[in-house]
Amino acid sequence: MSTPPAPGTQRADRTPDTPDLVDRIQQEWAQAYPQFDVGPIGVLGRIQHIATVSSHRLDRHLEPHGVTRSEYDVLGALARSDRPLRASDVVSTTLLSGASITKITESLSRRGLLERRKSERDGRVVLLEPTADGRALVEAELPRRLADDEHALSGLDPAEREMLATLLRKVSATVGG
């Protein structure tokens with residue numbers, strides 16, 4: 001009996017044409033409910049599977065740093081900005097709720113990874129920016145995250161990657177957000 005591959009890895013005997021978990025799930029739905037077109041499961045199920053595997057991998061990499069994926073997303077939004085951001089700006093770029101941003105930024109601030117300060121122009125506005133430690137954490141993890149993403153896409157040539165991005169952009173526009 002062979003050991004199953006680690007989550008997110010492809011077994012050597014698997015090819016893009018080999019039926020996968022999503023094929024099995026789609027087939028089960030089709031058998032259980034033959035009156036429905038379960039075709040979308042083949043696409044959206046794979047998107048969800050890829051996102052889940054990628055998220056679990058990121059969680060494992062972030063664990064030694066003591067931050068969650070949401071905290072990393074906030075730090076990343078701040079690190080890639082050329083200026084301090086308001087919490088509402090972070091909400092719009094991370095898709096996290098305002099309440100979550102408040103809780104996350106307070107936690108990151110207590111741990112010295114983020115600075116919260118009042119705007120000089122409007123004292124009611126709180127501006128957020130990563131500290132040197134927060135930026136260092138993002139910079140330490142970003143190359144590993146990009147390498148994981150590159151590995152996930154390694155079976156596609158540049159034209160296929162561009163086509164996939166275009167098609168996913170269309171789906172994203174349809175679902176909103």
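Here, the structure is the one placed above.
Rules of the game
Residues numbered from 1 in each chain as written. Predicted model: local features only at pLDDT ≥ 70, side-chain atom pairs only at ≥ 80, totals over all residues. Heavy atoms only, no water. Helix = DSSP H or I, 4+ residues; strand = E, 2+ residues; numbered from the N terminus. Rg over C-alpha atoms; globule rule 2.2 N^0.38 Å. Buried < 20%, exposed > 50% of the residue type's maximum accessible area, 1.4 Å probe, protein only. Contact = heavy atoms within 4.5 Å. Areas by Shrake-Rupley, 256 points an atom, 1.4 Å probe, with all protein chains shown as cover. Expected span 1.5 Å × (residues − 1). Arc of directions from axis to C-beta. Core = buried A, V, L, I, M, F, W, Y, C linked by side-chain atoms within 4.5 Å. Pairing = 2+ DSSP bridges. Phe/Tyr/Trp six-rings, centres within 6.5 Å; stacked < 30°, edge-to-face > 60°.

Engineer: Describe in detail the overall build of the protein, supporting the description with residues and values.
Structural biologist: Helix and strand content of the protein: seven helices and three strands. The C-alpha atoms of the protein give 20 Å as radius of gyration, which overshoots the globular expectation for 177 residues (16 Å, by more than 25%). With the principal axes as the frame, the protein shows a C-alpha extent of 60 × 35 × 35 Å. A burial count over the protein gives 23% of its 177 residues as buried. Excluding contacts between residues fewer than 6 apart, the proportion of contacts in the protein whose partners are at least 24 apart in sequence is 51%. Accessible area for the protein stands at about 12400 Å²; split by element, carbon and sulfur atoms hold 56% of it.

Engineer: Explain helix α5 (residues 98-110) residue by residue, including any values.
Structural biologist: Look at α5: 18 Å from first C-alpha to last across 13 residues, which is about the 18 Å you get at 1.5 Å a residue. If you check which residues of α5 are buried, you get Ile101, Ile104, Thr105, Ser107 and Leu108. Down the axis of α5, the smallest arc covering the buried residues is 160°, so these residues share one side. Within α5, the exposed residues directed more than 90 degrees away from the buried face are Ala99, Lys103 and Arg110. Backbone geometry just downstream of α5 places Gly112 in the positive-phi region, at approximately 75°.

Engineer: Pulling in residues and values, what's your account of the nonpolar core?
Structural biologist: Counting 19 residues, the largest nonpolar core has Val74, Leu78, Val90 and Leu108 as its most contacted members. Listing elements by their share of this core, those giving two or more residues are α2 (39-62), α3 (69-79), α5 and α6 (132-153). Not counting residues up to four positions away in its chain, the partners in contact with Leu78 are Leu85, Val90, Leu114, Leu128, Glu129, Pro130 and Arg135.

Engineer: How would you summarise the pairing of strand β3 (residues 126-130) if you had to cite specific residues and measurements?
Structural biologist: In terms of strand pairing, strand β1 (residues 85-86) meets β3 through two bridges, oriented antiparallel. When the sheet's bridge partners are listed, Arg86 is paired in β3 with Leu127. The pairing of strand β2 (residues 114-118) with β3 spans five bridges and is classified as antiparallel. By the bridge assignment, Arg116 is partnered in β3 with Leu128.

Engineer: Give a detailed account of the packing of aromatic side chains, specifying residues and quantitative values.
Structural biologist: The geometry of an aromatic ring pair comes down to the distance between the two centres and the angle between the two planes. Overall, the coordinates contain two aromatic pairs when judged by the stated rule. Ring centres of Trp29 and Tyr33 lie 5.7 Å apart, and the angle between their planes is 35°; this geometry places the pair in the tilted category. Accessibility expressed as a relative area gives 43% for Trp29, which makes it partly exposed. Ring centres 6.2 Å apart and planes at 45° place the aromatic pair Tyr33 and Phe36 in the tilted group. The exposure class assigned to Tyr33 is partly exposed, which follows from its relative accessible area of 38%.

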